[in-house]
Amino acid sequence: MIELIPAIDIIDGQCVRLTKGDYDQKTVYSNSPATMAREFEQLGFKRLHMVDLDGAKSKHIVNSQVLKSCATETRLRIDFGGGIKTDDDIRKAFSSGAEMVTVGSVAVTSPDLFMGWLEKYGAERMILGADVRHGKISINGWKEDSTEDLLPFLKKYVDAGVRNVLCTEISKDGTLQGPAVDLYSEVMEAYPQLHLIASGGVSSADDIAALNRAGIPAVVFGKAIYEGRINLKDLVKEYGLS
C-alpha cells in the first residue's frame, strides 16, 4: 500500500505552493505552517514533507524556526529539505526537529560531502532528492539543470547504500495535471529495492490510485490538498496510515 505524505513548502514563514518550481508563480495557502501540520496530524497522518524554498534559493537553511515549530507542536515524522549545503545546515535541520533530510544539489555538486553524510547519519535518515527536468537532474531550487541523467545518477548512490529517493518531475509539479507514473515505474524497474517517493502533479485520489497500482512505494502531494481536490479523510480511510 502506498505511503501518503502531505507537503508543506515554506517562503517567508508561510505555507505556499509554486508551479513548476517558478518562484514568480506562488500561491500562499496559510500564514501558519504549524497549524497546517497540526491539521494533518489530527487527520491521522504520521509523516510530513517540508521544503524550505527560501533556503533552496539562498543555498542555506532559512526557515529552521518553522521546522522547529512544526516539530515541537506535533509528533509528525518530518523530512526536511531546501538549502542543506553544509555540515552546519544538516546539523541545524536535525537539531531543529527533522527526523530525515532530503538532499539533492549537494549530491550533484559535492558527492564526497553527501557520501560523508550518508555514512555519518545513516541511510535511514537520508533521502536523496532527484528533481528531474528534461531528463536531467536539476539543482539549487530548480534554478539550474545539471548534466546528470536520472538513472545513472541514482545508480552510484544506490550502490553506496541509499534506499530513500524523492523524485520530482518538475514539469508536473504544482500543475495538477497528473503524476509522471511512467517515469517512476522506470525507476522502480531499475531499482526495485528503493523506497521511492513520487512527487509532482498529483491532482486527485485517482492519481494516487494510479501510483499505487504501479507499485510506487510513497507519494508526496500538496497543492491538491490546498485546492480542495482531495478529501483527506476519504484518502486515509482508503489507504490507512502507518
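Attention in this report is confined to the structure presented alongside it.

Scoring rules and cut-offs
Residues numbered from 1 in each chain as written. Predicted model: local features only at pLDDT ≥ 70, side-chain atom pairs only at ≥ 80, totals over all residues. Heavy atoms only, no water. Helix = DSSP H or I, 4+ residues; strand = E, 2+ residues; numbered from the N terminus. Buried < 20%, exposed > 50% of the residue type's maximum accessible area, 1.4 Å probe, protein only. Pairing = 2+ DSSP bridges. Disulfide = S-S within 2.5 Å. Contact = heavy atoms within 4.5 Å. Axes fitted to C-alpha atoms, helices over the stretch in contact; angles between N-to-C directions. Left-handed = near helix turned anticlockwise from the far one by under 90°.

1. Some thoughts on unusual backbone geometry
Look at D12: it is not a glycine, yet its phi comes out positive at around 55 degrees. Structurally, D12 is set in the loop between β1 (3-11) and β2 (14-19). With a relative accessible area of 58%, D12 lands in the exposed category. If you check the backbone angles, L176 has positive phi at about 60 degrees while not being a glycine.

2. Concerning the pairing of strand β9 (residues 144-149)
Both strand β8 (residues 136-139) and β9 contribute to a ladder of 3 bridges, which runs antiparallel. Within the sheet, the bridge partner assigned to K136 lies in β9 and is D149. Adjacent in sequence and paired antiparallel, β8 and β9 are bridged by 4 residues, among which N140 carries a positive phi angle near 55 degrees.

3. Things to note about the state of the cysteines
All told, the structure shown has 0 disulfides when counted by the stated rule. C70 supplies the cysteine sulfur nearest to C15, a cysteine that is in no disulfide, at a spacing of 8.9 Å. The buried category is assigned to C70, whose relative accessible area is 0%.

4. Focus on the environment of A218
By secondary structure assignment, the location of A218 is in strand β12 (residues 218-221). For the pair formed by A218 and G13, sequence separation is 205 residues and the distance between their alpha carbons is 27 Å. Residues within four places of A218 in sequence aside, it is in contact with I2, E3, I5, H195, L196, I197 and A198.

5. So, the packing of helix α1 (residues 33-42) against helix α3 (residues 64-73)
The contact between α1 and α3 brings their axes to 9 Å, and the two run at 30 degrees. Viewed along their axes, α1 and α3 form a crossing whose handedness is right-handed. Side by side, α1 and α3 meet where P33, A34, A37, R38 and E41 of the first sit next to V66, S69, C70 and E73 of the second.

6. So, the pairing of β2
Burial of β2 is extensive: 5 of the 6 residues sit out of reach of the surface. Pairing geometry for β1 and β2, over 3 bridges, is antiparallel. Among the inter-strand pairings, D9 is bridged to a residue of β2, identified as V16. Hairpin connection of β1 to β2: 2 residues between the antiparallel strands, including D12 at a positive phi of 55 degrees. With 5 bridges joining them, β2 and strand β3 (residues 22-30) adopt antiparallel strand pairing.

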